[in-house]
Amino acid sequence: MQKFLIIALSLFIFSQSSCQSTGSTTSHEKTRASQAELDASAKAYFASGCFWCVEAVFESVKGVKEAVSGYSGGDASTAHYNQIGSGLTGHAESVEVYYDPEVVSYETLLKVFFGSHDPTTLNRQGPDRGTQYRSAIFYQNEKEKSAAE
């Protein structure tokens, strides 16, 4: 019995630490933003581990319309999932955050970014390891750069 409990507890802990989507839906999930809403939104770019995890964190923030997984920091020709996994492309798994600056500020998004992961761990977050899981802020202008610094 004790061996089963340890195995079951280990499986429970492992399943709780995974960031992969279960495909289930809940009544409090946001509906997808329309293309017009996204076009009218401000954008910010962050990398802080598995992009699906990062996407989920930002999508839970009031004022965020959508967070889209992608790659930043490398050459566009090597931005393919199978190549990124090698850690040799220069890319980081990242998210493009579409947000309403009248509801949530860039500075608040930075607080979410820094509060949702450990930026001091080099090239890893949790069980994910490699340069593609590094912590990075891809600022778009001097104001964002200053706020990030």
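See the structure above.
Residues numbered from 1 in each chain as written. Predicted model: local features only at pLDDT ≥ 70, side-chain atom pairs only at ≥ 80, totals over all residues. Heavy atoms only, no water.

## What to know about the overall build of the chain
Next, step 1: Broken down by element type, the chain carries six helices and six strands.
Next, step 2: For the chain, the succession of helices and strands along the chain, N to C, is α-α-β-α-β-α-β-α-β-β-β-α.
Next, step 3: Sequence separation of 24 or more characterises 69% of the internal contacts of the chain that already satisfy a separation of 6 or more.
Next, step 4: With the model as given, the accessible surface of the chain reaches about 9,600 Å², and the carbon-plus-sulfur share is 56%. (Helix = DSSP H or I, 4+ residues; strand = E, 2+ residues; numbered from the N terminus. Contact = heavy atoms within 4.5 Å. Areas by Shrake-Rupley, 256 points an atom, 1.4 Å probe, with all protein chains shown as cover.)

## Structural notes on the pattern of salt bridges
Next, step 1: A full pass over the atoms with the stated rule returns three salt bridges.
Next, step 2: Arg-32 is the partner of Glu-59 in a salt bridge, and the nearest nitrogen-oxygen pair spans 3.8 Å. Note that Glu-59 is positioned in helix α3 (residues 51–59) and Arg-32 in the loop between α1 (2–17) and α2 (35–39), a separation of 27 residues in sequence.
Next, step 3: Residue Glu-59 is classed as partly exposed on the basis of its relative accessible area of 23%.
Next, step 4: Put simply, Arg-32 and Glu-66 hold a salt bridge, and the shortest N to O gap is 2.1 Å. In this pair, Arg-32 sits in the loop between α1 and α2 while Glu-66 sits in strand β2 (residues 64–72), placing the two residues 34 residues apart along the sequence.
Next, step 5: A cluster of three or more residues bridged by salt bridges with shared partners is formed by Arg-32, Glu-59 and Glu-66. (Salt bridge = Lys/Arg side-chain N within 4 Å of Asp/Glu carboxyl O. Buried < 20%, exposed > 50% of the residue type's maximum accessible area, 1.4 Å probe, protein only.)

## Considering unusual backbone geometry
Next, step 1: Positive phi, close to 55°, is recorded for Asn-123, a residue that is not glycine.
Next, step 2: Tracing the backbone through its elements, the reader meets Asn-123 in the loop between α5 (106–115) and β4 (124–125).
Next, step 3: Given the relative accessible area of 24%, Asn-123 is considered partly exposed.

## Structural notes on α5
Next, step 1: Every buried residue of α5 is listed here: Tyr-106, Leu-109, Leu-110, Val-112 and Phe-113. Burial along α5 is one-sided: seen end-on, the buried residues are contained in an arc of 160°. Facing away from the buried surface of α5 by more than 90 degrees, the exposed residues are Lys-111 and Gly-115.
Next, step 2: On its buried face, α5 is in contact with β1 (42–48), α3, β2, β3 (92–99), β6 (135–137) and α6 (142–148). (Arc of directions from axis to C-beta.)

## A look at the sheet that holds β2
Next, step 1: The strand order across the open sheet built from four strands is β2-β3-β1-β6, with neighbouring strands paired in antiparallel fashion. Strands at the two margins of the open sheet, each flanked by one partner only, are β2 and β6. Between one strand axis and the next, the sheet turns by 25° as a mean value, whatever way the strands run.
Next, step 2: As judged from the three bridges shared by β1 and β6, these two strands associate in the antiparallel manner. (Pairing = 2+ DSSP bridges. Axes fitted to C-alpha atoms, helices over the stretch in contact; angles between N-to-C directions.)

## Brief notes about the environment of Val-54
Next, step 1: Secondary-structure assignment places Val-54 in helix α3.
Next, step 2: In sequence terms Val-54 and Val-95 are 41 residues apart; their C-alpha atoms lie 6.9 Å from each other.
Next, step 3: What Val-54 contacts, discounting residues up to four positions off in sequence, is Ser-48, Gly-49 and Val-95.

Taken by themselves, the reported measurements are silent on function.
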